[in-house]
Amino acid sequence: MIIYKSKEEIEVMRQSALVVSRTLGMLAKEVKPGAIPKKLDKLAEEYIRDQGAVPGFLGLYGCPSTLLISTNETVVHGLPIDKPLENGDVVSIDCGAKMNGYYGDHAYTFEVGEVKPEVKKLLKVTKECLYLGIEQMYAGNRLGSLSYAIQEHAEKHGYGVVRELVGHGLGKKMHEDPQVPNYGRKGTGKKLQEGLVLAIEPMITMGTYRVKTLKDGWTINTVDGQPAAHFEHDVAIVDGKPEILSTFDYIYEALGIKETV
Ligand code: MG
Ligand code: MG
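Residues numbered from 1 in each chain as written. Chains lettered and ligands numbered in written order. Predicted model: local features only at pLDDT ≥ 70, side-chain atom pairs only at ≥ 80, totals over all residues. Heavy atoms only, no water.

**Re the coordination of the magnesium ion (ligand 2)**
Metal coordination angles have textbook ideals: 109.5 degrees for a tetrahedral set of four donors and 90 or 180 degrees for an octahedral set of six. The protein atoms donating to the magnesium ion (ligand 2) are D105 (OD), H168 (NE2), E201 (OE) and E232 (OE), with metal-donor distances spanning 2.1 to 2.2 Å. Binding-site remark: the magnesium ion (ligand 2) is held by donors from one chain whose sequence spacing is D-x62-H-x32-E-x30-E. Relative accessible area serves as the criterion here: at 4%, H168 is assigned to the buried category. (Donors = N, O, S within 2.8 Å, 3.2 Å for Na, K, Ca; no water. Buried < 20%, exposed > 50% of the residue type's maximum accessible area, 1.4 Å probe, protein only.)

**Quick word on the sheet that holds strand β12 (residues 220-222)**
Pairing is antiparallel across the open sheet formed by three strands, whose spatial order is β3-β12-β11. In this open sheet, the two edge strands, each paired with only one partner strand, are β3 (74-76) and β11 (211-213). On average, adjacent strands in this sheet sit at an angle of 40° to one another, irrespective of strand direction. (Pairing = 2+ DSSP bridges. Helix = DSSP H or I, 4+ residues; strand = E, 2+ residues; numbered from the N terminus. Axes fitted to C-alpha atoms, helices over the stretch in contact; angles between N-to-C directions.)

**Comments concerning the pattern of salt bridges**
Applying the stated criterion to the full structure yields ten salt bridges. Residues K42 and E45 are paired through a salt bridge, measuring 4.0 Å at the closest nitrogen-oxygen approach. Remark: E45 and K42 occur in helix α2 (residues 37-50); sequence separation between them is three residues, near one turn of the helix. The closest approach of N and O atoms between R163 and E155, which form a salt bridge, is 4.0 Å. The partly exposed category is assigned to E155, whose relative accessible area is 38%. The structure contains a network of salt bridges with shared partners spanning E11, R14 and E243. (Salt bridge = Lys/Arg side-chain N within 4 Å of Asp/Glu carboxyl O.)

Fair warning: the whole summary comes from geometry, so function is off the table for now.
The structure is reproduced here in C-alpha cells:
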C-alpha cells in the first residue's frame, strides 16, 4: 500500500534528506586514496548524530553500519571495512538518516583519485539515468515510464541494469511501497500521484547486469567483476511535479565541481 504524504510531511522529509546530503558532502572531502571505509563510517555516524538525527541503516535488517560503501565491482550493500580506498577506485556511498520520524536515503558514486575514462563515463551515464527517471515522476504518469527512462538510457550506452535491486517508496519506513525497478515498460504500472515520495536509485553495470551476494550476506557484486555505479535521490510529487528533496550540491561544493544536472 502506498502512503502518500502531505506537503507538511514532505517538508519534514526534506530535512531528513538534507541531513544525508550534508553527510555525503562532508564525506566527499574524505574520499581519497588511502581513506579507510570503516573510518568514514564512524565520521558519518557522528556527523548525523550531531545534526540531531540518527543513522537510518544502522540496525535496520541487522545492518552493522551507518554507511554502505561499495567499491568497483560491488554494486551496493558493501560493508565498511579496513581496506583503504585505492587510486582509480569508484565508490558508492549510500547513507540513510532518520529525523522527526522520517527517513532520508541517498547515495553518490565518488571517484577516488584518477579514474579511467570508461569508468568515469559509467558514472556520468548512471547519474543521467537518475535525472531522466526523476523527469518522469509527475502526477498522471505511470511508474513503468520512469523505470523505462532509466533502462533505455543505460542500455543505449551498452550498460547493464541490475534487476534484483530496486528503488522504493520512502517515509516513516526506509522501504515503503511501491518498488521502483530501474527497468520497465512505458505507460505501464501504477499511476503516479501527488504526495508520492520515492527513493530513485539506478544501479548500472559496465558489463552484465547479473549480480551475486557474497558470503557476508550483504555485499552485492557484479558476476563478471566489472564496475558498477549507483546514484540515489529522494523525490516527491509536489503540485504535480517532481521535487528533489535531497541534493548533491554539498558534494559539488566540496569537490569544487560545476554540475549542470
Ligand atoms: Mg540508499
Ligand atoms: Mg534506497
